Amino acid sequence: MTVDTADYSTSVPSARTISSINAYPGKLKLMLCGFHEVALVAQSTYHLLLHKQFGPEGTTANDIPTL
């Protein structure tokens, strides 16, 4: 999985990764770096949700099989 260090988005759509679960060139495994990543992910997630159009495709009604 690739990580974009600008907003910690991944190759999985709408997925973010932070802290010790991600790896990228030059990463320092320090608690301070984790706090920095959390702040950037929170900001990018806010903007992602602010501009996302939610529709019926996300409901459980679509997941119910017909008999």
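Shown above is the structure to which this text applies.
Below or above, wherever it landed, is the structure these notes cover. (Residues numbered from 1 in each chain as written. Predicted model: local features only at pLDDT ≥ 70, side-chain atom pairs only at ≥ 80, totals over all residues. Heavy atoms only, no water.)

## Notes on the environment of Thr 10
How we decide: Secondary structure elements follow DSSP: runs of H or I of four or more residues count as helices, runs of E of two or more count as strands, with numbering from the N terminus.
Considering the arrangement of structural elements, one finds Thr 10 in strand β2 (residues 9-10). Through-space distance from the C-alpha of Thr 10 to that of Asn 22 is 9.5 Å; in sequence the pair is 12 residues apart.

## Notes on helix α1 (residues 31-51)
The line we're drawing: Multiplying 1.5 Å by the helix residue count minus one yields the expected span of that helix. Throughout, exposure labels follow a simple rule: accessible area from a 1.4 Å probe, protein chains only, divided by the maximum for the residue type, with under 20% read as buried, over 50% as exposed, and the rest as partly exposed. In this description, the arc belongs to the directions extending from the helix axis to the C-beta atoms.
For α1, built from 21 residues, the straight-helix expectation of 30 Å at 1.5 Å per residue is met to within 8% by its first-to-last C-alpha distance of 31 Å. Listed as buried for α1 are Gly 34, Glu 37, Val 41 and Ser 44. Buried positions in α1, seen along its axis, are confined to an arc of 100° and lie on one side of it. Counted as exposed and oriented over 90 degrees from the buried face of α1: Leu 32, Phe 35 and Tyr 46.

In short, shape yes, function no, at least from these values alone.
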